[in-house]
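Secondary and tertiary structure notes
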Amino acid sequence: MPCKPKLHGARIPADSTFFGKVVPVLMLELGIVLATIVVLAFGVAFGFVPVAR
Amino acid sequence: MLTNNTLLPFFSTAVMLLFCVAVLRHFFARWELHFLFWGIGLLMFSFSSFAEAVLALGWSRWAFFSWYFFGAALNAAWIGQGTLYLLFSRKRVLPWTALLLLGSLAALALMLQVMPLLDETLFNPQSPISEQYSRIMPPVREGATIRLATPLFNVYGVIALVGGALWSSYLFWRKRVLPNRVIGNLLIAAGALVISFASVLTRMGFGAWLYLGELLAAGLLFTGFMVAARFRPNKLRAAARSRLNAE
């Protein structure tokens, strides 16, 4: 029976600090920035965030 | 005279056009709708950046139209729609696509309605258009209803695009596969957030950052797309299968 083919480079290394620690923090931070931008955009549109003119 | 206001939009246009060609080539090779919506959205982004460059050289009514309609109003929503097609079935996305098409047509009507009301005497070629558009365009109560629609398109687009990219990144990360897609999607999310933040700042009256934000976003989005598209499991699987068959 032939071996299952390995997809080289397709797996995240188990011992990677970057993927273990940095990536989840980045995801969380980008999510927080997204929420902040949405609130700011609605705030500017509906007038509860001050606008410099 | 060549200034940052002229040069940055030209660079953004060049990057976006390259990106757009790359995405549309994928569409014509695979006929997948997410590539089509991304391609149209990126083409809108390119029109808008080019219009900025034209407006840095002098006033043009139709350059202003392109800048506001394609750039400020529509492009984020169209790119975001592409991400919805990537994540959900066609059947689920269809009602949203119909809504986007109708909304875009309504926005076109509103934009054409405001065109005769533009006050081009207030245009100053020394300032970026993003700093002066709110003076050239009348307020909402005087006929610029399009200004009410713009945040809706943008919020829809940024939630779909950034939310979709973060969700894809999380799924690949959780399954511990395709690290390039984890990174590529994070770069796409970051690029979309940069341009969204620059747009919100513009609406808050700080338009000087928009051009730099566009260039940075164009670079991040393009890099993210290239990194995510670099590794194709289907291709590899096909190659592995043909190797096994040969053995």
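Going along each chain's sequence as written, the residues are numbered from 1 onward. Going through the entries in the order they are written, you letter the chains from A and number the ligands from 1. Per-residue local features of the predicted model are confined to residues with pLDDT of at least 70, and side-chain atom pairs are confined, for both listing and counting, to 80 or more; whole-chain, interface and lining totals are unaffected and use all residues.

**Digging into the overall build of chain A**
Scanning chain A for helices and strands turns up 1 helix and 0 strands. Burial in this document is a count-based property: other C-beta atoms within 10 Å of a residue's C-beta are tallied, and the residue is buried at 20 or more, exposed at 12 or fewer, or partly exposed in between, with C-beta positions derived from the backbone. Counting all 53 residues of chain A, 13% fall into the buried class. What counts as a helix is a DSSP run of H or I of at least four residues, what counts as a strand is a run of E of at least two, and both are numbered from the N terminus.

**Digging into the overall build of chain B**
Along its length, chain B carries 9 helices and 0 strands. When the helices and strands of chain B are listed from N to C terminus, the series reads α-α-α-α-α-α-α-α-α. A compact globule built from 247 residues should have a C-alpha radius of gyration of about 18 Å, and chain B, at 19 Å, falls within 12% of that. Expressed along its principal axes, the backbone C-alpha trace of chain B runs to roughly 75 × 40 × 30 Å. By the burial criterion, 49% of the 247 residues in chain B qualify as buried. Two residues form a contact once the distance between their C-beta atoms, set from the backbone, is within 7 Å. Look at the contacts in chain B between residues 6 or more apart in sequence, and 70% of them connect residues 24 or more apart. What the globule rule says is 2.2 Å times the number of residues to the power 0.38, and the radius of gyration is computed from C-alpha atoms.

**Quick notes on unusual backbone geometry**
All names here are of chain B. In this model, Arg176 sits at a positive phi of 60°, which is unusual for a non-glycine residue. Relative to the assigned elements, Arg176 resides in the loop between helix H6 (146-175) and helix H7 (179-203). We note that Leu178 has phi near 45°; this positive angle belongs to a residue other than glycine. Its location among the elements puts Leu178 in the loop between H6 and H7. Residue classification places Leu178 among the buried positions, given that 25 C-beta atoms sit within 10 Å.

**Some points on the packing of H7 of chain B against helix H8 (residues 210-230) of chain B**
All names here are of chain B. As a packed pair, H7 and H8 sit with axes 7 Å apart at the nearest point and diverge in direction by 165°. When the axis of H7 is compared with that of H8, the two are roughly antiparallel. As H7 packs across H8, the resulting crossing turns out to be left-handed. Lines are fitted to the C-alpha atoms to define the axes, a helix being fitted only along its stretch in contact, and any angle between axes, read from their N-to-C directions, falls within 0 to 180 degrees. Orientation categories follow fixed angle ranges, with anything under 35 degrees roughly parallel, anything over 145 roughly antiparallel, 65 to 115 roughly perpendicular, and all other angles oblique. In this scheme, a crossing is called left-handed if the near helix is turned counterclockwise away from the far one by less than a right angle; it is called right-handed if the turn is clockwise.

**So, the environment of Phe123 of chain B**
Residue and element names in this part refer to chain B. Relative to the elements of secondary structure, Phe123 occurs in the loop between helix H4 (90-114) and helix H5 (129-136). Looking at Phe123, the number of C-beta atoms within 10 Å reads 18, which means it is partly exposed. In contact with Phe123, not counting residues within four places along its chain, are Trp59, Gln132 and Ile136.

**Brief notes about H7 of chain B**
Between the first and last residue of a helix there are one fewer steps than residues, each counted as 1.5 Å, and that sum is the expected span. Taking 1.5 Å of rise per residue, 25 residues should cover 36 Å, and H7 of chain B covers 36 Å from first to last C-alpha, within 8% of that figure. Residue Gly205 of chain B follows H7 of chain B closely and has a positive phi angle near 105°.

**Concerning the interface of chain A and chain B**
Between chain A and chain B, the contact holds 26 residues from the first and 33 residues from the second. In this count, Pro and Cys sit with the nonpolar residues alongside Ala, Val, Leu, Ile, Met, Phe, Trp and Tyr, while Asp, Glu, Lys and Arg are called charged and the others, Gly among them, polar. When its residues are assigned to classes, the side of chain A that touches chain B shows 22 nonpolar, 2 polar and 2 charged.

**Some remarks on the confidence of the model for chain B**
Known as pLDDT, the predictor's confidence for each residue is given on a scale from 0 to 100. In the predicted model, chain B carries a mean pLDDT of 90, and 92% of its residues have values of at least 70. Ranking the elements of chain B by mean pLDDT puts helix H9 (residues 233-246) of chain B last, at 56, and H4 of chain B first, at 97.

**With respect to the environment of Ala160 of chain B**
All names here are of chain B. By the secondary structure assignment, Ala160 is in helix H6. C-beta crowding within 10 Å serves as the criterion here: with 26 such atoms nearby, Ala160 is assigned to the buried category. Sequence spacing of Ala160 and Leu87 is 73 residues, and the spatial spacing of their C-alpha atoms is 9.9 Å. Ignoring anything within four residues of it in the chain, the contact list for Ala160 reads Gly80, Gln81, Thr83 and Leu84.

**Some details on the packing of helix H1 (residues 4-30) of chain B against H8 of chain B**
Residues and elements named next belong to chain B. As a packed pair, H1 and H8 sit with axes 9 Å apart at the nearest point and diverge in direction by 20°. As the angle between them shows, H1 and H8 are arranged roughly parallel. For the element pair H1 and H8, the recorded crossing hand is left-handed. Of the residues in H8, those touching H1 at Asn4, Asn5, Leu8, Pro9, Phe11, Ser12, Val15, Met16, Leu18, Phe19 and Ala22 are Tyr211, Leu212, Glu214, Leu215, Ala218, Gly219, Leu221, Phe222 and Phe225. The residue makeup of the contact of H1 with H8, split by class, is 15 nonpolar, 4 polar and 1 charged.

**As for the environment of Asn124 of chain B**
Residues and elements named next belong to chain B. Turning to its location among the elements, Asn124 is positioned in the loop between H4 and H5. Residue classification places Asn124 among the exposed positions, given that 12 C-beta atoms sit within 10 Å. For Asn124 and Trp59, which are 65 residues apart along the polypeptide, the C-alpha to C-alpha distance reads 8.3 Å.

**Digging into helix H2 (residues 33-57) of chain B**
An ideal rise of 1.5 Å per residue puts 36 Å on 25 residues; H2 of chain B measures up with 37 Å between its terminal C-alpha atoms. Extensive coverage of H2 of chain B is indicated by the burial of 22 of its 25 residues.

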